[in-house]
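Descriptive analysis of the structure
The lines below spell out each chain.
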Amino acid sequence: MGHKTALGLPWLDRKSQIKLWGKELFKSPQEQEDWVRKEAEHMNVPALPAIFFFKGVFSKAAYSIFITEDPFKALPAADYYVIEEPEHFGWLPVVSARSKIAAKKILGIVMTNYGFYIRRPGRPDRALFAKLVEARNKQLMRKHTDIIAPLSPAVDLENLNHPIARQQVTGVLDAFKTVPDVPADNQGVYFMGRLVWEKALDIVIDTARTLDLPIDIYGEGPHQGEMEARAKKINAPVQFKGPAFSPWEPIANYRVFFNPSLSEVLCTTTAEALVAGRHVVIPDCPANTPFYDLPNVHVYHTEQEIPAALQKALTTDPVAPLKARERFDWANVCRSIVDLLKSPSPSIRNPKALS
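Residues numbered from 1 in each chain as written. Predicted model: local features only at pLDDT ≥ 70, side-chain atom pairs only at ≥ 80, totals over all residues. Heavy atoms only, no water.

1. Considerations on the overall build of the chain
If you tally the helices and strands in the chain, you get 12 helices and 12 strands. Its C-alpha atoms put the chain at 60 × 45 × 40 Å along the principal axes. Put simply, the chain has 355 residues, and 47% of those count as buried. In the chain, the proportion of contacts linking residues at least 24 apart, taken out of those at least 6 apart, comes to 66%. Within the chain, one finds 43 positive and 40 negative side-chain charges whose respective centroids are separated by 6 Å. (Helix = DSSP H or I, 4+ residues; strand = E, 2+ residues; numbered from the N terminus. Buried < 20%, exposed > 50% of the residue type's maximum accessible area, 1.4 Å probe, protein only. Contact = heavy atoms within 4.5 Å. Lys, Arg positive; Asp, Glu negative; His and termini not counted. Charge placed at Lys NZ, Arg CZ, Asp CG, Glu CD.)

Put into structure tokens, the structure is as follows:
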């Protein structure tokens, strides 16, 4: 769009890389930059802008990267900044507050439902901890941004007392538009995502067994062994296909994407399936509301409704995905973000609470 841009990424030392990936992948920031550019080329995206690194450490206990160097000092000065996960941006007190940055506007894109993951064990102490984390996250959003854009209503922004923009700020790779139409005899069902129980893989496995419906599972993660054991124990007709290096390619083999996860803020793999012209079967939850008005979306409200939703998806020809492709087109998303950055921020209902 003619704007000079730069991309900032965290750099992890050898110790943190081993904690995160099991081995040291990059000896230097330049090696990581080369890998990122090669991956972007594989995904057939436009050439990446200048890349800058700031230091971080990986915490295995929190399964998060914590920033240990002020990114605003590591990156070039800019009129506008877009921060992914601003609620995670300044957990360690090394990042400059918004009041010290001479930018025209800083936008924060909220994309992780931390409260859901923390609360999942269901213990009272976890609920209290989640509440404290969410309160701290909101404090960081106010400290580091001018305006917040959540990916969906799944994020709890109650009492944020900060400008919020609810508009499209994420997209899907153009490669998913190249997936061929679904053949009439294609009855394939798949799941794609990180293999952790929080993604509701238990429902995928149990549904395959109950309906005697073959389902292919793409992805990798720490709970894969447990999932394979569960599927084997109940004789569920699922296959674990491993990670998809080019995820738009295997989608051609399927008619339906089944994604019962409730942990997302907005599930990218659901958006990708819709852009690829596939049916999606998803639960009724705040994270999925951005999909409800799109063709080929089948929403169930209880697990008892899953069989009917899958049956309809398997026996109905998909509608041309024009609306989904327009909504999740990255060029359109970028225009939306630029408009958001350049427009006046919306007022907040209770400005006194900012003090």
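2. So, the pairing of strand β3 (residues 64–67)
The pairing of strand β2 (residues 50–59) with β3 spans four bridges and is classified as antiparallel. Within the sheet, the bridge partner assigned to V57 lies in β3 and is F66. Adjacent in sequence and paired antiparallel, β2 and β3 are bridged by four residues, among which Y63 carries a positive phi angle near 50°. (Pairing = 2+ DSSP bridges.)

3. Some points on helix α6 (residues 124–144)
Compared with an ideal rise of 1.5 Å per residue, which puts 21 residues at 30 Å, α6 spans 31 Å between its outermost C-alpha atoms and is within 8% of the ideal. Of all the residues in α6, the buried ones are A130, V133, E134, N137, K138, L140, M141 and H144. Projected down its long axis, α6 carries its buried residues within an arc of 160°, all on one side. Exposed residues lying more than 90 degrees from the buried face of α6 are P124, L128, K131 and L132. Taken together, the buried residues of α6 touch β4 (80–84), α4 (86–89), β5 (105–110), α5 (114–119) and β6 (147–150). (Expected span 1.5 Å × (residues − 1). Arc of directions from axis to C-beta.)

4. Re the nonpolar core
F258 and F291 are the most contacted members of the largest nonpolar core, which has 70 residues in total. If near-sequence neighbours (up to four positions away) are discounted, F291 is found in contact with L266, C267, T270, A271, L274, I282, V297 and F328. (Core = buried A, V, L, I, M, F, W, Y, C linked by side-chain atoms within 4.5 Å.)

5. Here's the deal with the sheet that holds strand β11 (residues 279–283)
Ordered by their spatial adjacency, six strands build an open sheet running β9-β8-β7-β10-β11-β12, and the pairing between neighbours is parallel. Whereas interior strands pair on both sides, the edge strands pair on one side only; in this sheet they are β9 (238–242) and β12 (297–300). Strand-to-strand twist of the sheet, defined as the mean angle between neighbouring strand axes without regard to direction, takes the value 25°. On top of the sheet, helix α9 (residues 268–275) reaches β7 (189–192), β10 (256–258), β11 and β12; it is set at about 150° to β11, its chief contact. (Axes fitted to C-alpha atoms, helices over the stretch in contact; angles between N-to-C directions.)

6. A few points about the side chain of E198
When you line up the elements, E198 lands in the loop between β7 and α7 (201–211). Judged by its relative accessible area of 19%, E198 falls in the buried class. Apart from the residues within four sequence positions on either side, E198 is in contact with F116, Y117, R120, H223, S261 and S263.

7. Digging into the sheet that holds β2
Across the sheet, three strands lie side by side as β1-β2-β3; this open sheet has mixed pairing. Lying at the two open borders of the sheet, with one neighbouring strand each, are β1 (6–12) and β3. Taken pair by pair, the neighbouring strands of this sheet meet at an average axis angle of 50°, ignoring direction. Relative to the sheet, helix α1 (residues 14–21) contacts β1 and β2, its axis offset from that of β1 by approximately 90°. This element, helix α2 (residues 29–42), spans β1 and β2 of the sheet and lies at about 110° to β2.

8. A look at the packing of α7 against helix α8 (residues 224–233)
Closest axis-to-axis distance for the α7/α8 pair is 10 Å, and the angle between their directions is 20°. When the axis of α7 is compared with that of α8, the two are roughly parallel. The element α7 and its partner α8 pack so that their crossing is right-handed. Contacts between α7 and α8 involve L201, D202, I205 and D206 from the former and M227, R230 and A231 from the latter. A class-by-class count of the residues in the contact of α7 with α8 yields four nonpolar, no polar and three charged. (Parallel < 35°, antiparallel > 145°, perpendicular 65-115°, else oblique. Left-handed = near helix turned anticlockwise from the far one by under 90°. Nonpolar A, V, L, I, M, F, W, Y, C, P; charged D, E, K, R; others polar.)

9. Topic: the state of the cysteines
Counted by the stated rule, this structure contains zero disulfides. For C267, which is in no disulfide, the shortest distance to another cysteine sulfur is to C285 and amounts to 9.7 Å. Overall, the relative accessible area of 5% leaves C267 in the buried class. (Disulfide = S-S within 2.5 Å.)

What is shown is where atoms sit, not what they do.
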